[in-house]
Amino acid sequence: MRLTRYLRRWQFLIKLGIFILLLVFFLVTTMLINSTLTSESNHGGLRATNHPDFEYSSDDPQPTENKPAQDWKPVPWKETSEVKLLRESLEKRLRKLPPGETEDDANKRGMATHGYNARLADTLPLNRHINDMRHPMCRRVGYPHDLPKASIIICFHNEALSSLLRSVHSILNNSPPELLEEIILVDDASHRETHPDTFEQLDEYVVHLPNVKVLRQDARMGLIRARLAGAAYSRGQVLVFLDSHIEATEGWLEALIHRIYLNKLIVPAPAIDNINYETLEYTKTDGSKGGFNWALVFKWVPMNETERTKYYNWDPFDSPTMAGGLFAIHRDTFHDYGTYDNEMSIWGGENLEMSFRMWMCGAKLEIVPCSRVGHIFRLKNPVSFPGGTSNTVSRNNKRLAEAWMDEYKEMFYWYSPGIEKKDSGDISGNLALTGKLPEII
């Protein structure tokens, strides 16, 4: 009996000792993690310098050490009472059906015209609130007080006024005014007869919003050239290109600008969340990177297990390509690296062309999970392509292949029969750029 009690006592003491050791280990580990996160936050972001390949250029602004990053607290723009009255009045008008049209007719017309439920978009608040979809650690990030200002460039053609203005309001409501140089809405020759509200009604409304400008094109230029027109008109040190049916969320802008602040050769894109084309419900997406197939079609590629263990859920991560609709870039990098191929027509292929060019010449593409922007992925693209969609995209892709793919262009031609014989126009400028760019690095 005494031996049994003796053994039980020692078993209890051993278990207690193991428990105490585990508790101490847990507490020490927690303290170390918090200390690391605090240190990284004080330098402008969580794991902000986790790319050892990049060093600060002497020409780039350096992170400010004499002022703790968390001293600067971004405060978004607050809607004035005047703007609130204008917005509510416009929302009331948008909710009204045209004479003689039923809800069902309006739903069908909206889907056919825009590729998403534009009628539902007309009934939603222009400044609807989207919950903060970021990882909780993103809310602990502190940013330097001297981040550069950004020009937001949104190109539109026959867009629903409600979706366009919801994009603008989401930017204003979730962006620190001190980082927002301007919002430029580039009208790529919308049709007055089918979309009259995107003319005088738009102009009269945005004049009451801070730093929102409308730039109109007399003739259809297409997305690529319209963006170039917006960039030429802009003044910000950072250019942010967005689509016209998006909703930005809290913290989206400073997270993008900060990556460029650390190194202007980083071309960051937000994590693009899904706004359902039928219900317009906002849904957070998982961490995927941009890819492509040999037909030069952009695809989202889930990260593998190795990549998932390499990055935290809030970490910026490398992406081989970008979707193209939403990204930021330093003004100098945009121009030094050749802007867009302005001989590409309308839309298609420009995102992969820029992706290849950036990576092959020393820049890098990233996706920043602490920056989240919702995007309506339409059921179909309602935009017309002069000469046909297939011919336009094929020509654009051939220009990309001939300029940047070297011998691998044969894989593209194998997967895309007939394109090799198509005329791609003069690419001598692109080829000259391939020889010039290594000198820029």
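Preceding block: the structure.
Here's a quick rundown of the structure. Being a predicted model, the structure only gives us computed values, none of them experimental.

## With respect to the overall build of the chain
Helices and strands together make up the secondary structure of the chain, namely 14 helices and 12 strands. For the chain, with 441 residues in total, the buried portion stands at 49%. Contacts in the chain between residues far apart in sequence, at least 24 positions, make up 82% of those at least 6 positions apart.

## A word on the pairing of strand E3 (residues 212–216)
As paired strands, strand E2 (residues 180–187) and E3 are joined by 5 bridges and run parallel to one another. Bridging across to E3, Asp 187 finds its partner in Arg 216. Handedness of the β-α-β unit built from E2, helix H6 (residues 200–206) and E3 comes out right-handed.

## Side note on helix H7 (residues 222–233)
Its 12 residues give H7 an end-to-end C-alpha distance of 17 Å, which sits within 8% of 16 Å, the value for a rise of 1.5 Å per residue. Burial of H7 is extensive: 9 of the 12 residues sit out of reach of the surface. Along H7, the positions that sit buried rather than exposed are Gly 222, Leu 223, Ile 224, Ala 226, Arg 227, Leu 228, Ala 229, Gly 230 and Ala 231.

## Topic: the pattern of salt bridges
Summed over all chains, the structure comprises 23 salt bridges. Glu 200 serves as the salt-bridge partner of Arg 192, at 3.0 Å between the closest nitrogen and oxygen. If you follow the salt bridges from partner to partner, you end up with Asp 132, Arg 134, Arg 139 and Glu 250 in one network.

## Some points on the state of the cysteines
Evaluated as defined, the whole model comprises 1 disulfide. Paired through a disulfide, Cys 138 and Cys 370 show a sulfur-sulfur distance of 2.0 Å. Torsion about the S-S bond of the Cys 138 and Cys 370 cystine: about -80°, corresponding to left-handed handedness. A residue pair is termed long-range when its members are at least 10 positions apart, and Cys 138 in the loop between helix H4 (118–123) and strand E1 (150–156) and Cys 370 in strand E12 (residues 364–376) qualify at 232 residues. A relative accessible area of 2% places Cys 138 in the buried class. Cys 370 gets classed as buried once you look at its relative accessible area, which sits at 6%.

## Comments concerning the sheet that holds E1
The sheet built from 5 strands is open, its strands ordered E3-E2-E1-E4-E11 with mixed pairing. Each edge of the sheet is formed by a strand with only one pairing partner; in this case those strands are E3 and strand E11 (327–330). Strand-to-strand, the axes of this sheet are offset by a mean angle of 25°, without reference to chain direction. H7 contacts E1, E2, E3, strand E4 (238–242) and E11 of the sheet and is inclined by roughly 150° relative to E1.

## Things to note about the packing of aromatic side chains
Inspection of the entire model under this criterion finds 10 aromatic pairs. Centroid distance Phe 334 to Tyr 340: 6.0 Å. Interplanar angle 80°. Geometry classified as edge-to-face. The pair Phe 334 / Tyr 340 is uniform in exposure class, with both members buried. Ring geometry for Trp 414 and Tyr 415: centres 5.0 Å apart, planes at 70°, overall edge-to-face. Given a relative accessible area of 63%, Trp 414 falls into the exposed group. In this structure, Arg 192 packs its charged tip against the face of Phe 199, placed 4.3 Å from the ring centre.

## A closer look at the pairing of E11
Taking every second residue as pointing to the same face, both faces of E11 are buried, with Phe 327 and Ile 329 on one and Ala 328 and His 330 on the other. When E4 meets E11, the two strands line up antiparallel, connected through 4 bridges. By the bridge assignment, Val 240 is partnered in E11 with Ala 328.

Rules of the game
Residues numbered from 1 in each chain as written. Predicted model: local features only at pLDDT ≥ 70, side-chain atom pairs only at ≥ 80, totals over all residues. Heavy atoms only, no water. Helix = DSSP H or I, 4+ residues; strand = E, 2+ residues; numbered from the N terminus. Buried < 20%, exposed > 50% of the residue type's maximum accessible area, 1.4 Å probe, protein only. Contact = heavy atoms within 4.5 Å. Pairing = 2+ DSSP bridges. Right-handed = clockwise from strand over helix to strand, strands pointing away. Expected span 1.5 Å × (residues − 1). Salt bridge = Lys/Arg side-chain N within 4 Å of Asp/Glu carboxyl O. Disulfide = S-S within 2.5 Å. Axes fitted to C-alpha atoms, helices over the stretch in contact; angles between N-to-C directions. Phe/Tyr/Trp six-rings, centres within 6.5 Å; stacked < 30°, edge-to-face > 60°. Lys NZ or Arg CZ within 6 Å of the ring centre and 35° of its normal.

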